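Listed here are the chains, written in short residue letters.
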Amino acid sequence: MTPENKQTLNTSGTSGTRLQFDWSWVSNNGGVIALIVILAFNVIVTPNFLNPQTLFVNISQVATIAIVAVGMTLVIATGGIDLSVGAVMALAGAMAPLIFTSPFAEANPQIGLVLSIVVPVLVALLCGAFNGFMVSYLNVQPIVATLIFFISGRGIALVLTNGNLQTFTNPEFSYLGTGKILGFPFQGYLVLLIAVVVWWVVNQTVFGRQLLAVGGNEKAARLSGVPVKRVKIGAYVICAGLSGMAGLIVVAINSASDAARIGNLMELDAIAAAVVGGALLQGGKAPIFGAILGAVIIQLVKYTLLANGVADEVALIAKAGIIVTAVYLQQARKE
Amino acid sequence: MTDLIEMSGICKAFAGVVALQDAQLHLKPGEVHAVIGQNGAGKSTLIKILTGVYRKDSGSVKINGSETGISTPREAQDAGIATIYQELSLVPLRSVTENVMMGYEPRTKLGLIDWQRAHLQAEKTLKRFGVDIDVRAQLGTYSTAIQQLVAIARAASMKAQVVIMDEATSSLDDQEIDILFRVVRELKKQGVAILYISHFLDELYQICDRVTIMRDGQTVGQHVVSETTKLGLISEMLGRDPEEIEAAGMTGLGGEKRNQPGEVLLEADEISTGHGLKDVTVSVRKGEIVGLGGLLGAGRTEVARALFGLDALRKGKITHRDGPDRISNPAHAIEAGIGFLTEDRKREGIIPHMSVRENMTLALLPRLRKFGGVDRKREQELVGSFICSLGIKTASMEQPIRELSGGNQQKVLLARWLALDPRLLILDEPTRGVDVGAKFEIQSIIRDYVEKGLGVLLISSEFEELVEGADRIVVLQDGHSVTELENPGVTEERLIAAIAHHYERGAA
């Protein structure tokens, strides 16, 4: 661990000198540079940063942002945006404990566990289908279409749980959030798996190519026989499904579900991560691993400020700063 | 009398492609002045330089005799130049008054908008043009014609010296056009000069005093309308000799029907759509090129759109050999073996971020599916072979298509369709905006494929291309197919005569 971080510290030194000379290099590698700078800063300033415990905390916290950011990247690639991700997380997260604490599940724990994962994700997928339908068939602007669940999704979750905090003890379910494989948190592996699968879908499948074509030039895509409507719905469905999964992880980490708080402001983190990762808001690009990088950067900034005693409110301002910088660099890249 | 507007020696190039070369325009106060020309002749570029949308490379623009440097639309407006676009630049959801008075609202002592006075003024302004409507209602509730008149009234109320009407009548019906013309005459009486851009020559004779003709970025003529003939105007627009046109026209149009070998691939019978097609009959057989001739706005692209399933049919029938009964979207059309190379390469053709490879295989993708993914190996082989056989100049198949020249982009798009091994290919202006060398290559590629049995429907504004390329040419006019010319025997003169002849018949 330690030598590796020393090395990154050194590279940050060299990139610092290049930073002044070659702007295009900076704008193309902004994410990586930012990550290196933050890591370097933490190694020097933050106490116990190189402690493995720090790494685990960050992995388990970044996982949900990263998973949602991957879905968001797909939606942004079509030229859309999904504001409902946080609410869908809350909805899925609120449903899971309801299912496995129900009398039926208590009697059949195995089936109950499966249902408590499958049903919330299915409901999330349905939310995505609704979003996609609104956008592609009814031509509602994505920001408005997804605003519907942004508002109502959390409302439904609160109604389902009567607005109560639900606590539970269910080790099997909690594995989603607290399990470890080879000492690393389970959701870290899950993020990697999702990223690899979605990357494959984007770069190797017909759907992926069509997704980028729709975002790149919708008219041309349609004239080339691309099923534009279906492709768009697909993007929203995947995004919502991933959000649902993220919601389950949050609940599993806390062994408690609070519909009012799960995924709160997640849409902003996810959009920020996607943009920092290099997604173009006008569509046509889906840098999946960029989104993961963006999520890591946002998480690390949050952590850095928190670990150094800066108030949460100030952390929000810092986040805004990252987004502004990322968008600025994106504009600069376009010449 | 000095000219109100004097544009001379205007040159303009876009990324090296010359759009205007020594173009002129002289506009007198109180006249209605038409600007005509084929597609790409430079009309709109010239107008956009006048209205500050584009900047001229060289030349001078004088208003009332003094040199001006208009460089933004706002400056043009302040100089008294108002433009009424085909797509209205008004706010349909706000009231008529707001639209007329926008930016110039009368204020009360408190600095708020004085609605009483605003409504009165708007009403007064409109009444001057014989438009008596409720100015408090939303603009969008009125017809396009009324909206257009509101736009004109707004221009007049802003004390415009020049009103530019770009294809103002294209979306109006006859009655509405009459109202518009009345307004134009009213404006004229007030000394306002009107620059009138239209593809409809008949309108010119009804309303215009003088006409400027443009061709290939140059001003080729300026006449008093009453001293011209339609034949003369057309011949100047197209750059042909009027006697030749007339002589060819006298020797009989249409030609006799001859039997053509090759089975019929597609037959469109008296089709009409909501987008300007009224009554078109056309068929394409295996191994032949059928041309669609006609002036801009005659309905050529609309035929292509209807055949490709983009516009729904209102009347008529399209029959495909071995195809489905009905094609209702491009994906269907592609399945039925039809390809459509669009005229607007940038907006409807290329996907700029994507590579040459990804652009070329976009339509073919569903057929390249293998184990859930795209069969990369086959894709690369295919793209490689097309790059080679069509002579596409690209650094590699991974180069973004936006970095290629126009001609090479067009070849990639042509390959997108040829890769599908289509039965019928619709080519809309396949060689527009490409250099001479690439143009010849593209034409030979098409010819090669036709010899192998491909059916082609060719739309082109270049008569040479149609006459030399097409086996038959269906001549369109105002959404009607009016005649059919058969090769051998078609000359450019005969084609132009067919177009011109029917024009005159249409006027009678």
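Residues numbered from 1 in each chain as written. Chains lettered and ligands numbered in written order. Predicted model: local features only at pLDDT ≥ 70, side-chain atom pairs only at ≥ 80, totals over all residues. Heavy atoms only, no water.

All names here are of chain A. Tracing the backbone through its elements, the reader meets Ser60 in helix H4 (residues 52-77). A relative accessible area of 15% places Ser60 in the buried class. Within polar-contact distance, the side chain of Ser60 engages the backbone oxygen of Val57 at 3.2 Å. Among residues more than four places away in sequence, those in contact with Ser60 are Gln187 and Ile253. (Helix = DSSP H or I, 4+ residues; strand = E, 2+ residues; numbered from the N terminus. Buried < 20%, exposed > 50% of the residue type's maximum accessible area, 1.4 Å probe, protein only. Polar contact = N/O pair within 3.5 Å; in protein donor to acceptor, adjacent residues only side chain to side chain. Contact = heavy atoms within 4.5 Å.)

So, about empty space enclosed by the protein. A water-sized probe rolled over the atoms picks out the places where empty space is left. Applying the stated criterion across every chain yields a total of two cavities of 30 Å³ or more. Lining the largest cavity are ten residues, with B:Gly37, B:Gln38, B:His199, B:Met237 and B:Leu295 sitting closest to its centre. Classifying every residue of the lining of the largest cavity by side-chain character gives six nonpolar, four polar and no charged. Looking at the lining of the largest cavity, you find at least three residues from each of domain 1 (5-245) and domain 2 (250-337 + 422-508) of chain B. Considering the residues around the second largest cavity, the lining is formed by A:Ala220, A:Leu223, A:Ser224, B:Phe340, B:Leu341, B:Thr342, B:Glu348, B:Gly349, B:Leu413, B:Arg416 and B:Trp417. Breaking the lining of the second largest cavity down by element, the ones donating at least two residues are helix H12 (218-223) of chain A together with strand S15 (338-341), helix H12 (345-349) and helix H15 (406-418) of chain B. Of the residues in the lining of the second largest cavity, the class split is six nonpolar, three polar and two charged. (1 Å grid on protein atoms, 1.4 Å probe; cavity = no way out; pocket = protein on both sides within 12 Å on 5 of 7 lines; lining within 4 Å. Points joined across faces, edges and corners; volume = space filled by probe spheres on them. Nonpolar A, V, L, I, M, F, W, Y, C, P; charged D, E, K, R; others polar. Domains from an automatic or database assignment.)

Residues and elements named next belong to chain A. In the predicted model, chain A carries a mean pLDDT of 86, and the fraction of residues at 70 or more is 90%. Mean pLDDT across the elements of chain A ranges from a minimum in helix H1 (residues 2-19), with 39, to a maximum in helix H13 (residues 228-254), with 95. Within the model, pLDDT remains below 50 along residues 1-20, and this stretch shows 14 contacts once partners closer than five positions in the same chain are excluded. (pLDDT = per-residue confidence, 0-100.)

Now for the interface of chain A and chain B. Tallying the contact residues gives 22 residues for chain A and 32 residues for chain B. Together chain A and chain B conceal approximately 2,100 Å² of surface at their shared face, both sides included; 60% is due to carbon and sulfur atoms. When the buried surface of chain A facing chain B is broken down by residue, A:Val206, A:Arg209 and A:Leu223 rank first, second and third, together holding 36% of it. Where chain A meets chain B, there are two salt bridges. Ionic pairing is found between B:Glu358 and A:Arg209, a salt bridge with its closest N-O pair at 3.9 Å. Connecting chain A to chain B are eight residue pairs in polar contact (both at pLDDT 80 or more). At the level of elements, helix H10 (186-204), helix H11 (206-216) and H12 of chain A are the ones that each hand at least two residues to the side of chain A that touches chain B. Sorting elements by how many residues they give to the side of chain A that touches chain B places H11(A) first, with six residues. Residues of the side of chain A that touches chain B, tallied by class, amount to nine nonpolar, ten polar and three charged. (Buried area = accessible area lost by both parts, 1.4 Å probe. Salt bridge = Lys/Arg side-chain N within 4 Å of Asp/Glu carboxyl O.)

Residue and element names in this part refer to chain B. If you walk across this open sheet you meet the three strands as S12-S11-S14, and the pairing is antiparallel. Looking along the sheet, the strands with just one partner apiece sit at the ends: strand S12 (280-285) and strand S14 (313-320). Averaged over all adjacent pairs, the angle separating strand axes in this sheet is 10 degrees, with direction ignored. Direction of pairing for strand S11 (residues 264-273) relative to S14: antiparallel, over a ladder of six bridges. If you follow Thr273 over to S14, its bridge partner there is Leu313. In this fold helix H10 (residues 300-307) packs onto S11, S12 and S14, with an angle of close to 115 degrees to the strand it touches most, S11. (Pairing = 2+ DSSP bridges. Axes fitted to C-alpha atoms, helices over the stretch in contact; angles between N-to-C directions.)

Residue and element names in this part refer to chain A. By volume, the second largest pocket is sized at about 930 Å³. Lining the second largest pocket we find 25 residues, and of these Gln61, Arg261, Asn264, Asp269 and Lys302 sit closest to its centre. When its residues are assigned to classes, the lining of the second largest pocket shows twelve nonpolar, seven polar and six charged.

Turning to the environment of B:His199, a few remarks are in order. All names here are of chain B. Relative to the helices and strands, His199 resides in the loop between strand S8 (193-197) and helix H7 (201-207). Residue His199 is classed as buried on the basis of its relative accessible area, which comes to 18%. Sequence separation between His199 and Asp166 is 33 residues, and the spatial gap between their C-alpha atoms is 9.9 Å.

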